[in-house]
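Okay, here's what each chain looks like letter by letter:
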Amino acid sequence: FQSHEPEFDYLKSLEIEEKINKIRWLPQHNAAYFLLSTNDKTVKLWKVSERDKRPEGYNLKDEDGRLRDPSMITTLRVSTVACSPQAHSWALSPTDTARRGAAAAPYHINSISVNSDYETYMSADDLRINLWNFEITNQSFNIVDIKPANMEELTEVITAAEFHPHHCNAFVYSSSKGTIRLCDMRAAALCDRHAKFFEEPEDPSNRSFFSEIISSISDVKFSHSGRYILTRDYLTVKVWDLNMENRPMETYQVHDYLRSKLCSLYENDCIFDKFECVWNGSDSVIMTGSYNNFFRMFDRNTKRDVTLEASRENSKPRAVLKPRKVCVGGKRRKDEISVDSLDFSKKILHTAWHPTENIIAVAATNNLYIFQDKVN
């Protein structure tokens, strides 16, 4: 790829921040483009359009553009820019109604997903998943509710959710216990009984204080074909076959060299970072982020993997990204970086892949990098 352009409390209630943590494009409708976005509390639907701008208040010309007689100019006017009212972009925000529904619960929205029927979407927070209709902003329908009668009995929370890409009745959601549930909305209005349950048995010999934390799934994505599910936990990305519930069919180590540093990562709260994962257009390659502005790619066919870095130093136009390697111990080669030198304040949590082209976007702290496949 080359540069294209330069203590574990899930239910802690924080002050609302005006930051977008999830955003989804909707298919083009009536020659208009729409975006669905959410911060911790509010889901918003945006219409994206160009504004028709024109200058007004000329000094040397009249409003029709004709030159004025200099002898008739007695005052200085400040030019302004007017926008055509018909072309104003607008935002439909279900803020007021959402405050009475799921989107304003004391738990933070972690996912939004557009249904394949293009009429509905769902939002998921720690304890509930709600179904919304784009035309109805004052009401949502609760389709999953895992809140116990006694909150002291709470053992897991919802971490991510997504609709099936082709079947509008099916969706999956993941949990902090590392499990995935496939639900069918045709079975019941409240999907409190899952259709399929995906979980990998834990090896007792590897059990530790951090086992439950690092097994928590931070992201779940259907493949474009709808046959597979991609999940990301703290150390790995896994590919699940919808027909095999007892274990993942593929497991890829993202940064296994951090396993010996879980104690320090727990102390600085990095162990709670929520990394996303993504498929390429053909479902043959998967990508996810790491620390030190590294991001990882795994080829499912060749089983090859590569570590690349997103930084201003190597993101000049047409600059080819060089693979990076992390040295765990012993002698370090010139082109390697020691695991002790990794910068954990630099992390890539969000990634995206173009649906048909080899063009990727990675968000590194406050920078967005766009890369495309090397063109010969």
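Report on the accompanying structure. (Residues numbered from 1 in each chain as written. Predicted model: local features only at pLDDT ≥ 70, side-chain atom pairs only at ≥ 80, totals over all residues. Heavy atoms only, no water.)

Let's shift gears to the sheet that holds strand β17 (residues 228-232). Strand order in the open sheet formed by four strands is β16-β17-β18-β19, and the pairing between neighbours is antiparallel. Each edge of the open sheet is held by one strand with a lone partner, namely β16 (219-222) and β19 (250-253). In this sheet, neighbouring strand axes are inclined to one another by 15 degrees on average, regardless of whether the strands run parallel or antiparallel. (Pairing = 2+ DSSP bridges. Helix = DSSP H or I, 4+ residues; strand = E, 2+ residues; numbered from the N terminus. Axes fitted to C-alpha atoms, helices over the stretch in contact; angles between N-to-C directions.)

Together, W25, Y33 and V48 make up a nonpolar patch on the protein surface, roughly 330 Å² of accessible area in all. Summarising the element assignment, V48 is placed in strand β4 (residues 43-48). A relative accessible area of 36% places V48 in the partly exposed class. (Patch = residues over 30% accessible without salt bridge, like charges linked within 9 Å, V, L, I, M, F, W, Y side chains within 5 Å. Areas by Shrake-Rupley, 256 points an atom, 1.4 Å probe, with all protein chains shown as cover. Salt bridge = Lys/Arg side-chain N within 4 Å of Asp/Glu carboxyl O. Buried < 20%, exposed > 50% of the residue type's maximum accessible area, 1.4 Å probe, protein only.)

On to the nonpolar core. Where a protein is soluble and globular, its nonpolar side chains tend to be buried together. Ranked by size, the top nonpolar core spans 21 residues in total, and within it Y234, L258, L265, I271 and L342 carry the most contacts. Where this core is concerned, the elements lending two or more residues are α2 (211-215) and α3 (262-267). Apart from residues lying up to four places away in sequence, L265 is in contact with Y234, L258, C270, I271 and F344. Listed in part, the 15 residues of the second largest apolar core include V278, M287, A310 and Y369. (Core = buried A, V, L, I, M, F, W, Y, C linked by side-chain atoms within 4.5 Å. Contact = heavy atoms within 4.5 Å.)

A separate point is the sheet that holds strand β12 (residues 158-163). The sheet built from four strands is open, its strands ordered β12-β13-β14-β15 with antiparallel pairing. The open sheet is flanked by β12 and β15 (196-198), the only strands paired with a single partner. Recorded for the sheet is a direction-independent mean angle of 20 degrees between the axes of neighbouring strands. Both strand β14 (residues 180-184) and β15 contribute to a ladder of three bridges, which runs antiparallel. Counted as the bridge partner of I180 is F198 from β15.

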